[in-house]
Amino acid sequence: MMQFPLTDIEIKDIAEKLKKLKPGFLPFELFTQFNRLKVTITIEVVPLCLDPNGEVMVVLFNRGPNDPWWPNLYHTPGTCLVDGDIPKKDEWGLPTRTFNRLKNTELKGIKLIGPPIFVNNLSHQVRRGPESVHVYIQKVDYNSAKAYLFPIFHLPKNLISTQINMIKKCATIFKDSKK
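Throughout what follows, the structure given in this document is the object of discussion. (Residues numbered from 1 in each chain as written. Predicted model: local features only at pLDDT ≥ 70, side-chain atom pairs only at ≥ 80, totals over all residues. Heavy atoms only, no water.)

A closer look at the nonpolar core
Here comes step 1: Counting 17 residues, the largest nonpolar core has Val 46, Leu 48, Val 58, Leu 60, Ile 152 and Ile 167 as its most contacted members.
Here comes step 2: Among the elements that make up this core, the one with the highest residue count is helix H5 (residues 164-177) (five residues).
Here comes step 3: Beyond its immediate stretch of four places on either side in the chain, Val 46 contacts Val 58, Thr 76, Val 135, Tyr 136, Ile 137, Gln 138, Met 166, Ile 167 and Cys 170.
Here comes step 4: With 14 residues, the next largest nonpolar core counts Ile 43, Met 57, Val 140 and Ala 145 among its residues. (Core = buried A, V, L, I, M, F, W, Y, C linked by side-chain atoms within 4.5 Å. Buried < 20%, exposed > 50% of the residue type's maximum accessible area, 1.4 Å probe, protein only. Helix = DSSP H or I, 4+ residues; strand = E, 2+ residues; numbered from the N terminus. Contact = heavy atoms within 4.5 Å.)

So, in structure tokens, the structure goes:
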């Protein structure tokens, strides 16, 4: 039998309080603790295009100085799956709500070309806890993404380290598909 640092009464008390929450987005403090305690499923979209010279470019955003886990680091667009992200009627179970959320936030103003293309799953440990990541490539329009583009061979030094190999592998797949 597993031993926990909480009494049975404390566990029941916490469980009763959690029943008051609706599935979906959580208060930040609870989100932080759940991420530490369980595997979080995330979607990462690697937006890619070719520059006028045919070099592969990636869209990256800076998380800013107040980010709790990755202050001032660059990253690809991504988000955690929450209840309701996977439609009940989609036979493939694609997280269309998640993609729409990213289109309306991080990717807003960038012209997307075609649907996102699933690449692979990735499991890793990040600063906030363990993650299982569904990785997608999204082709984007060069001109509309210009302000956020970085050449694959000159990624910023302040890039989230767990994303470097993911970005490079996606860029290889993208470049190979253009041949």
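Having seen the structure, we can now continue with the description.
As for the side chain of Thr 98
Here comes step 1: Of note, Thr 98 is situated in helix H3 (residues 96-104).
Here comes step 2: Dropping the residues within four chain positions of it, Thr 98 is found in contact with Ile 43, Thr 79, Leu 81 and Asp 85.

Brief notes about the side chain of His 75
Here comes step 1: Within the fold, His 75 resides in strand S4 (residues 74-75).
Here comes step 2: Residue His 75 is classed as buried on the basis of its relative accessible area of 7%.
Here comes step 3: Looking at His 75, its side chain comes within polar contact range of the side chain of Glu 106, at 3.4 Å.
Here comes step 4: Not counting the four nearest positions on each side in its chain, His 75 is found in contact with Val 59, Leu 60, Phe 61, Asn 62, Arg 63, Glu 106, Leu 159, Ile 160 and Gln 163. (Polar contact = N/O pair within 3.5 Å; in protein donor to acceptor, adjacent residues only side chain to side chain.)

Quick look at the pairing of strand S6 (residues 112-126)
Here comes step 1: Bridge count for S6 against strand S7 (residues 129-140) is 11 bridges, and the pairing is antiparallel. Residue Leu 112 lies in a different strand from S7, and its bridge partner there is Val 140. (Pairing = 2+ DSSP bridges.)

Notes on the layout of surface pockets
Here comes step 1: Of the pockets and cavities examined, the largest pocket occupies roughly 920 Å³.
Here comes step 2: As for the largest pocket, its lining consists of 43 residues, and the residues nearest its centre are Phe 31, Thr 40, Thr 79, Cys 80 and Arg 128.
Here comes step 3: Residue assignment for the lining of the largest pocket shows that the elements contributing at least two residues are helix H2 (28-37), strand S1 (40-50), strand S5 (78-80), H3, S6 and S7.
Here comes step 4: Broken down by class, the residue content of the lining of the largest pocket amounts to 22 nonpolar, 12 polar and nine charged.
Here comes step 5: Its volume calculated, the second largest pocket comes out at about 270 Å³.
Here comes step 6: For the second largest pocket, the full set of lining residues is Ile 14, Lys 17, Leu 18, Leu 30, Gln 33, Phe 34, Arg 36 and Leu 37.
Here comes step 7: Secondary structure elements with two or more residues in the lining of the second largest pocket: helix H1 (8-18) and H2. (1 Å grid on protein atoms, 1.4 Å probe; cavity = no way out; pocket = protein on both sides within 12 Å on 5 of 7 lines; lining within 4 Å. Points joined across faces, edges and corners; volume = space filled by probe spheres on them. Nonpolar A, V, L, I, M, F, W, Y, C, P; charged D, E, K, R; others polar.)

This is a description of form; function is not addressed.
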